[in-house]
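# Working through the structure, step by step
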Amino acid sequence: MARSKSSTFLMSGVLEAWDWFDNGLQNLVMDAGFRPLNKSQSMMVLYISAGIQRPIEIARKMRLSRQAIGHIATQLMDLGIVVAKDDPTDGRSMILSFTEKSSSLRSFAQMAILDLEETLCARLGKRDFQILRNMLELDWGPTVKTSTDLSQPSRASEYMKTHGKTAGRRKQARTI
């Protein structure tokens, strides 16, 4: 991972780590003769693999609209990777699951991910790799929703005090 040292945000490093894994996975998938997925498709497949199968739940996790998730799901259905079925517990919802046709791709991807993890372990060293794994497996607590959820007075809450809570919102043009 060609990581730039100039970023002061941990979040940038997490995104670069995701890119390292996803780009490596897609390269290995393509090298093996499978069709690579784009990042949104890849993320949806990971969520389905993790047991999150309702499109509305995937939309929340990916912070995308239901329409966008529907579009990605349709792409994956067209590729023969997933199928949508009625949710037996809620007639208004669908459940996404993998097709039998996708089993060879999914098996290969699982092995490729393990190979990428081994490569990362060799590059970082076993100790640092295990520290990274342990940190990512920790419960980080609930998602911060407001500045009162932060552990201490924050730069964000100070900004809001100075500039007002709606400072970042665009003023809507009114039409008659």
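A brief structural summary. (Residues numbered from 1 in each chain as written. Predicted model: local features only at pLDDT ≥ 70, side-chain atom pairs only at ≥ 80, totals over all residues. Heavy atoms only, no water.)

Counted according to the given criterion, the structure contains 9 salt bridges. Of the charged contacts, one joins K39 and D19 as a salt bridge, the two residues approaching to 3.3 Å between their closest N and O atoms. In this pair, K39 is assigned in helix α2 (residues 39-49) and D19 in helix α1 (residues 10-31), connecting sequence segments 20 residues apart. If you follow the salt bridges from partner to partner, you end up with R54, E57, D87, D90 and R92 in one network. (Salt bridge = Lys/Arg side-chain N within 4 Å of Asp/Glu carboxyl O. Helix = DSSP H or I, 4+ residues; strand = E, 2+ residues; numbered from the N terminus.)

One pass over the full model with this rule turns up 2 aromatic pairs. An angle of 90° between the planes, with centres 5.0 Å apart, marks the rings of W20 and F21 as edge-to-face. We classify F21 as partly exposed; its relative accessible area is 24%. Between the aromatic rings of F34 and F108, the centroid separation amounts to 5.6 Å while the plane-to-plane angle is 35°, which identifies the pairing as tilted. Residue F34 is found in the loop between α1 and α2, and its partner F108 is found in helix α5 (residues 103-124); the two are separated by 74 residues along the sequence. (Phe/Tyr/Trp six-rings, centres within 6.5 Å; stacked < 30°, edge-to-face > 60°. Buried < 20%, exposed > 50% of the residue type's maximum accessible area, 1.4 Å probe, protein only.)

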